[in-house]
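Residues per chain, in single letters:
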Amino acid sequence: MKGKTLKYILILLAVVMSAAACSTTRTLSEGEYRLAGNEVNILNSDDVSPSEVSSYIKQQPKWSPMLYIYNWSNPDSQSFMNRTLRKLGTAPVVFDSLQVGMSVENIEKHLEHIGYYGSKVTSSVSTRKKNVTVSYDIELGRQFIIDSVSFNVPERGEFSADFFADTANVTVRPGCVLSEKALEDESARSSAHMRTLGYYGFTKNHFRFEADTITIPGRLLLTMNVNEYSRNEQPAAARPLRKYYMDKVNLSYPKDLNFREKILRDLTTVHPGDLYDENAINTTYNRLSSVRTFSSVSMEISPSDTNKVDCNILVSRSKMMGFKVNLEGSVNSTGLIGVSPQLNFFHKNLLGGGERLTLGFKGNFQHMINDPTSSNEFGISAGLNFPRFLGLPVSYFKGESIPGTDINLSFSYQDRPEYKRQVLSTSYGFSGNIRKKFLYQLYPLQVNVVKMGGISKDFAAMLHKNPSLKYTFMDHFDAGLGGSLYYTSSAETVPTTLYHWWRLSTDLSGNVLSLFNGILPYDETDGHTIIGLPYSQYVRGELTLGRTWRYGRNNGQAIATRLLAGAGYAYGNSSELPFEKQFYSGGSSSMRGWQARALGPGKSRLNTFFSIPSQTGNLKLEANIEYRFKVFWMVEGALFADAGNVWSQRITLKDTALDWGTGVRVNLSFLIMRIDLGIKLHDPSREQTWVAPNDWFKKDGFAVHFGVGYPF
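No experiment lies behind these values; they were computed from the predicted model shown.

**Regarding the packing of aromatic side chains**
(1) Moving on: All told, the structure shown has 29 aromatic pairs when counted by the stated rule.
(2) Moving on: Relative to F430, the ring of Y428 lies with its centre 5.5 Å away and its plane at 80 degrees, an arrangement referred to as edge-to-face.
(3) Moving on: The class for Y428 is partly exposed, based on a relative accessible area of 28%.
(4) Moving on: F430 sits in the buried class, given a relative accessible area of 13%.
(5) Moving on: Each ring, one from F473 and one from F579, has its centre 5.0 Å from the other, and the planes form 35 degrees; the classification is tilted. Taken as a pair, F473 in the loop between α11 (467–472) and β17 (476–488) and F579 in the loop between β22 (557–570) and β23 (619–632) lie far apart in primary sequence, 106 residues in all.
(6) Moving on: Overall, F473 belongs to the buried group, its relative accessible area being 3%.
(7) Moving on: F579 sits in the buried class, given a relative accessible area of 7%.
(8) Moving on: Within the aromatic cluster, the residues linked to one another by ring pairs are F151, F159, F163, F164, Y199, F202, F207 and F209.
(9) Moving on: Positioned over the ring face of Y584 is R597, at 4.1 Å from the centre of the ring.

**Examining empty space enclosed by the protein**
(1) Moving on: One pass over the structure, following the stated rule, counts one cavity of 30 Å³ or more.
(2) Moving on: Estimated volume of the largest cavity: approximately 30 Å³.
(3) Moving on: As for the largest cavity, its lining consists of L35, N38, I57, Q59, F95, D96, Q99, V100, S103, V134 and Y136.
(4) Moving on: Sorting elements by how many residues they give to the lining of the largest cavity places helix α5 (residues 97–113) first, with three residues.
(5) Moving on: When the residues that make up the lining of the largest cavity are grouped by side-chain class, the tally is six nonpolar, four polar and one charged.

**Structural notes on the pattern of salt bridges**
(1) Moving on: For the coordinates displayed, the defined rule picks out 38 salt bridges.
(2) Moving on: Here E622 ties to R562 by a salt bridge, and the two come within 3.3 Å at their closest N and O atoms. In this pair, E622 sits in strand β23 while R562 sits in strand β22, placing the two residues 60 residues apart along the sequence. In terms of burial, E622 and R562 fall into one category: buried.
(3) Moving on: Here D695 and K698 are joined by a salt bridge, their closest N and O atoms 3.3 Å apart.
(4) Moving on: In this structure D695 comes out as partly exposed when scored by relative accessible area, which is 24%.
(5) Moving on: Linked by salt bridges that have partners in common, R592, E626, R628, D642, R665, R674 and D676 make up one network.

**So, the sheet that holds strand β8 (residues 294–305)**
The strands making up a sheet are joined through hydrogen bonds of the backbone, oriented either antiparallel or parallel.
(1) Moving on: Strand order in the open sheet formed by three strands is β7-β9-β8, with mixed pairing between adjacent strands. One side of each edge strand has no neighbouring strand; the edge strands of this open sheet are β7 (245–252) and β8. For this sheet the average axis-to-axis angle between neighbouring strands, irrespective of direction, equals 15 degrees.
(2) Moving on: Summarising the sheet, β7 and strand β9 (residues 308–317) pair through six bridges and their orientation is parallel. When the sheet's bridge partners are listed, V249 is paired in β9 with C311.

**So, the sheet that holds strand β5 (residues 207–212)**
(1) Moving on: Reading across from one edge, β4-β6-β5 is the order of the three strands in this open sheet, with mixed pairing throughout. Strands with a single pairing partner mark the edges of an open sheet, and in this sheet they are β4 (146–152) and β5. With direction set aside, neighbouring strand axes in the sheet form an average angle of 20 degrees.
(2) Moving on: Pairing of β5 with strand β6 (residues 220–226) involves six bridges; the strand directions are antiparallel. The residue of β6 that forms the bridge with A211 is L222.
(3) Moving on: Seen against the sheet, helix α7 (residues 180–195) touches β5 and β6 and runs at an angle of roughly 140 degrees to β5.

**Focus on helix α10 (residues 457–465)**
(1) Moving on: Turning to α10, its buried residues number three or more, namely F459, M462 and L463. All buried residues of α10 lie within an arc of 100 degrees about the axis, which places them on one face of the element. Residues of α10 that are exposed and point over 90 degrees away from its buried face: K457, D458, H464 and K465.
(2) Moving on: Among the structural elements, α11 are those in contact with the buried residues of α10.

**Side note on α5**
(1) Moving on: With 17 residues, α5 should reach 24 Å at 1.5 Å per residue; the first-to-last C-alpha distance of 25 Å fits that figure.
(2) Moving on: If you follow the buried residues of α5, they end up packed against α2 (50–54), β2 (120–128) and β3 (131–139).
(3) Moving on: Where α5 starts, the residue carrying a side-chain oxygen 3.1 Å from the main-chain nitrogen of L98 turns out to be D96.
(4) Moving on: Count one or two residues on from α5 and you reach G115, which has phi positive near 110 degrees.

**Some details on unusual backbone geometry**
(1) Moving on: Cis geometry is found at the peptide bond from G600 to P601, where omega equals -10 degrees.
(2) Moving on: As for its position among the elements, P601 is in the loop between β22 and β23.
(3) Moving on: Although it is not a glycine, K436 adopts a positive phi angle of roughly 65 degrees.
(4) Moving on: Among the secondary structure elements, K436 is positioned in the loop between β15 (420–434) and β16 (438–453).
(5) Moving on: At R597, a residue that is not glycine, the phi angle is positive and equals roughly 65 degrees.

**Points about the environment of R686**
(1) Moving on: You can see R686 is positioned in the loop between β26 (672–682) and β27 (702–708).
(2) Moving on: Counting along the chain gives 15 residues from R686 to G701, while the straight-line C-alpha distance between them is 11 Å.
(3) Moving on: In contact with R686, other than residues within four places in its own chain, are K680, V691, K699, D700 and G701.
(4) Moving on: Of note is the side chain of R686, whose polar atom sits 2.6 Å from the backbone oxygen of D700.

**Quick word on the environment of L577**
(1) Moving on: Mapping L577 onto the fold places it in the loop between β22 and β23.
(2) Moving on: Of the residues examined, L577 reaches a relative accessible area of 1% and is grouped as buried.
(3) Moving on: Setting aside chain neighbours within four positions, we find L577 in contact with T472, Y538, G568, Y569, A570, Q582 and N618.

**Description of the confidence of the model for the protein chain**
Parts of the model with low pLDDT should not have their predicted coordinates read in detail.
(1) Moving on: Looking at the protein chain as a whole, the pLDDT averages 91, with 96% of positions reaching at least 70.
(2) Moving on: In this model, residues 8–13 is a region of pLDDT below 50 whose contacts with residues beyond four sequence positions or in other chains number three contacts.
(3) Moving on: Segment residues 15–21 is flagged for pLDDT under 50; beyond a separation of four residues in sequence, or across chains, it makes nine contacts in the model.

Calculation notes
- Residues numbered from 1 in each chain as written.
- Predicted model: local features only at pLDDT ≥ 70, side-chain atom pairs only at ≥ 80, totals over all residues.
- Heavy atoms only, no water.
- Phe/Tyr/Trp six-rings, centres within 6.5 Å; stacked < 30°, edge-to-face > 60°.
- Buried < 20%, exposed > 50% of the residue type's maximum accessible area, 1.4 Å probe, protein only.
- Helix = DSSP H or I, 4+ residues; strand = E, 2+ residues; numbered from the N terminus.
- Lys NZ or Arg CZ within 6 Å of the ring centre and 35° of its normal.
- 1 Å grid on protein atoms, 1.4 Å probe; cavity = no way out; pocket = protein on both sides within 12 Å on 5 of 7 lines; lining within 4 Å.
- Points joined across faces, edges and corners; volume = space filled by probe spheres on them.
- Nonpolar A, V, L, I, M, F, W, Y, C, P; charged D, E, K, R; others polar.
- Salt bridge = Lys/Arg side-chain N within 4 Å of Asp/Glu carboxyl O.
- Pairing = 2+ DSSP bridges.
- Axes fitted to C-alpha atoms, helices over the stretch in contact; angles between N-to-C directions.
- Contact = heavy atoms within 4.5 Å.
- Arc of directions from axis to C-beta.
- Expected span 1.5 Å × (residues − 1).
- Polar contact = N/O pair within 3.5 Å; in protein donor to acceptor, adjacent residues only side chain to side chain.
- pLDDT = per-residue confidence, 0-100.

Here it is as structure tokens:
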């Protein structure tokens, strides 16, 4: 898209939005008001946050830029244009006074549930034109402190001894605040613990609590009663709380599923004759669910005798083979177009034991408009994952997750105007997770063999004048270890609430090889070599922190943030980091005002020796923030800002680049397609580093990116 055309389109959009922004209430009927906001004021304490209370308000305001589109329509017309505007836009929330009283009742019930008895909630409504704001003023009620806790437990059988052995872990103790929530949480914890000791069928409904404030005036005496019948039963239904043992353990799977049953049995931690243990049941379920050969796992526990239960395990097959396609693209105002397709084939049960084979092809093609200059990169890869730790029996691992083994092999070929590069890579390592929130990868062996060729005369002359850059682009052998740690506060595939995450990755190369320097030959640069290639020696690390807030109706709005820091250092047998291990900035998931590899290092201008951008550095800092909102149907919008750069030796904050932009996404549930327009604000490579608005859509002022999935 030409810069002028895009500029005119955005100006037109701004005019439309300005006209629409004149009112967000023009579509309301006579006597209707728009709910503009809710305010929560805690008058006598800071112990309860207004945000915690706000979620119990029945009617929530809704703001979106698409409110303006909706309010641009004519509510009295059913024309195609007006129907379209109302469908595309977001309707205002019409204030309902009846919901206010229900909200007051909701808040009072919640406060009592968390231990504030006799709280008073009053509401008031303020109106400005046709916008309403509702205020909820809260006086927290009285809290009661527990003075003593006693237990009333059935004496017959082993239950009493097992229960009292766990009283040190009871969460409701003297000095704690009495609340229904605390009592429910404790009954759930205690019953879950007892089910790990064999007490099948024992639940929180067997507990009943009595709070006594009369026997000793001014003191609260709490009694925890454990009954031999549940809350929905009569005392006549009482039966001894006994331990159960496993009887039959039946394993069923589709007859056409070519899967070795021994592996299934090894993954199962429930065996005939074992004491019933809910932890063992959950461990088996999670282990089998982690095998991607199965689409679902069901476990049914049923009594078979007075103190025995059967366990029936049923697994169903998933689709064994398939393809995955990914595509990213970008274009900037200088006329550089980039396309990155990726195609993967997978087989989920290659050897009959849940082994996953992945074959991949990826490319990166960059081309200048009206110019024969281009850069092409092709890559093929093969990976084989075993859902077990090769070399150790499954019985060695007691937890819900068993580390898998990964073997990878790849080859890539890069053809640029300045040079040609071939990279052969292989790795061997292990990966797994802990409670689906903490994921880890450890590769004790990572090897890259890099061969250069086709170096142009001009580029060779430039390398000869720049020794540090010359080392970056020479043949080398890279062998070491690496790994990554990833944590997320939410185990959901698509989190719907506030969550945060972090990722740490490291590479350490050349240290083992350096132990053999005494017998390794030298090359002309006085570096030690192996198989005729100098080996690389460096350390590299990257840390990423992310946090996302979701809010609004159906969590349709979100603010996502990310902070990234990376550093690499070459030493020993190396004077510079290998090119493929250096950091770069720009692209569809980085500084979106720039094309990939077109920013930095520091305030450096684009290296004229590279026809296609190839700016890299040893250090990287980047911060991103993005506001995401629902537009209509499957369409989402975004506003974002990025700050960051890469540096060669040391970070200079005044050389930080800034951009802002907007994007459109199509959310297909299983796939998110997006297009982002990034606009430069601060470009440290320019003489006038701050980019004026009238230069935003001129040459080298913006970039457009196409991608799959959210950028972070």
